[in-house]
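Architecture at a glance
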Amino acid sequence: MGVVWNPWHGCSKISAGCQNCYVYRRDESIGKDAQIVTKTLSFDLPVRRARNGGYKIATGETVFTCFTSDFLIDKADEWRLDAWQYIKERNDLGFFFITKRIDRFRACIPDDWEGGYNNVTVGCTVENQQMADYRLPIFLSAPIMHKIIICEPILSQINLEQYLNHDIEQVIVGGESGNNARICDYAWVTDIRRQCEVKGVSFGFKQTGARFLKDGRVYRIPRKFQHTQAKKAGIDLHL
Ligand code: SF4
């Protein structure tokens, strides 16, 4: 299951994948400005202790980090070193964050990072070919122990083959949710699966999105079925 840790909240849109960002949608619905980045009340969650003196988050958990912002956003620069300290202290947990700002990675790591903390997995988002060709060379050369490529929301066919090597642990693909969702073409999904199979990289189809094109027909998929329908396709690869 895992634990969600949002040390800061709010973000700025930087590329096509951000157009219908769920953080903006959710904040708009409660009259909040998603562009304002603030430290949250759960900033020190990983190191919080229970009454018995042990950590509140149990050993072995996966901590989904910064899912209402981008961990590498510049507006959080003054807080990030403390966050890294918590991540280092909790080397019994696995931390996972997704970023569209991999080009800031080297400017954001702590002095003792070296080849990377072994308990950190980074997902680099690439929503179209342009972003794949810009972000993935940077991602591949970054000192990160565990790397995942995230094509979500996928917005076009993407040729990833040249970027798939054994440093990449998995590729995850998903469509876009929400009323204004752009189409997710199943042919793009299966094409990336084929590339993963050729290169021996694990693949996961996470969600169909709200508008799903298959066999020439666009289906409206309600939110509650977007994940289950993707799983029903049965096309994940565990290599
Ligand atoms: S980077 Fe992520 S959180 Fe930030 S605006 Fe884009 S989609 Fe939203």
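Parameters and conventions
- Residues numbered from 1 in each chain as written.
- Predicted model: local features only at pLDDT ≥ 70, side-chain atom pairs only at ≥ 80, totals over all residues.
- Pairing = 2+ DSSP bridges.
- Helix = DSSP H or I, 4+ residues; strand = E, 2+ residues; numbered from the N terminus.
- Domains from an automatic or database assignment.
- Contact = placed C-beta atoms within 7 Å.
- Nonpolar A, V, L, I, M, F, W, Y, C, P; charged D, E, K, R; others polar.
- Near = placed C-beta within 6 Å.
- Axes fitted to C-alpha atoms, helices over the stretch in contact; angles between N-to-C directions.
- Expected span 1.5 Å × (residues − 1).
- Buried ≥ 20, exposed ≤ 12 C-beta atoms within 10 Å, placed from the backbone.
- Arc of directions from axis to C-beta.
- Core = buried A, V, L, I, M, F, W, Y, C linked by C-beta atoms within 7 Å.

Quick notes on the sheet that holds strand 11 (residues 211–214)
Strand order across the open sheet formed by three strands is 9-11-12, with mixed pairing between neighbours. In this open sheet, the two edge strands, each paired with only one partner strand, are strand 9 (184–185) and strand 12 (217–220). Summarising the sheet, strand 9 and strand 11 pair through two bridges and their orientation is parallel. If you follow Cys184 over to strand 11, its bridge partner there is Phe212.

So, the domain arrangement of the protein chain
Along its sequence, the protein chain is carved into domain 1 (1–121) and domain 2 (152–239). Taken together, the five residues of domain 1 in the interface contact seven residues of domain 2. Split by residue class, the side of domain 1 that touches domain 2 holds two nonpolar, two polar and one charged.

Description of unusual backbone geometry
The omega angle of the peptide bond from Glu152 to Pro153 is 0°, so this bond is cis rather than trans. Its location among the elements puts Pro153 in the loop between strand 7 (146–151) and strand 8 (168–174). We note that Cys66 has phi near 65°; this positive angle belongs to a residue other than glycine. Structurally, Cys66 is set in the loop between strand 4 (62–65) and helix 2 (77–89). Positive phi outside glycine occurs at Glu114, with the angle close to 50°. Among the structural elements, Glu114 can be located in the loop between helix 3 (105–108) and strand 6 (120–125).

Looking at the site of the ligand
Taken together, the residues surrounding the ligand are Cys11, Lys13, Ile14, Gly17, Cys18, Cys21, Val23, Ser69, Asp70 and Lys100. The residue makeup of the shell around the ligand, split by class, is five nonpolar, two polar and three charged.

Some points on the sheet that holds strand 1 (residues 3–5)
Spatially, the seven strands line up as an open sheet ordered 1-4-5-6-7-8-10, and their pairing is parallel. Sheet topology places strand 1 and strand 10 (202–207) at the edges, where each strand pairs with a single neighbour. Strand-to-strand twist of the sheet, defined as the mean angle between neighbouring strand axes without regard to direction, takes the value 25°. Here five bridges tie strand 8 to strand 10, and the two strands are oriented parallel to one another. Note on strand 10: the bridge partner recorded for Val171 is Phe203.

Details of helix 5 (residues 186–199)
For helix 5, which comprises 14 residues, the first-to-last C-alpha distance of 20 Å matches the rise-based estimate of 20 Å (1.5 Å per residue) to within 8%. Trp188, Val189, Ile192 and Cys196 are the residues of helix 5 that are buried. Projected down its long axis, helix 5 shows its buried positions confined to an angular sector of 100°, all on one face. Looking at helix 5, the residues exposed on the side facing more than 90 degrees away from the buried face are Ala187, Arg194 and Val198. Where helix 5 is buried, its residues meet strand 7, strand 8, strand 9 and strand 10. Of the residues flanking the end of helix 5, it is Gly200, one or two places downstream, whose phi is positive at about 70°.

Topic: the pairing of strand 8
Working note: regular strand, side chains alternate between the two faces of the sheet. Counting buried residues in strand 8 gives six out of seven residues, a clear majority hidden from the surface. Both strand 7 and strand 8 contribute to a ladder of five bridges, which runs parallel. Residue pairing in the sheet places Ile150 in a bridge with Ile172 of strand 8.

A short note on the nonpolar core
By size, the foremost hydrophobic cluster in this structure holds 60 residues, and its most contacted members are Ile149, Cys151, Val171 and Ile192. Taken domain by domain, this core gets at least three of its residues from each of domain 1 (1–121) and domain 2 (152–239). Setting aside anything within four residues of it in sequence, one finds Val171 in contact with Ile149, Cys151, Leu160, Ile192, Cys196, Val201 and Phe203.

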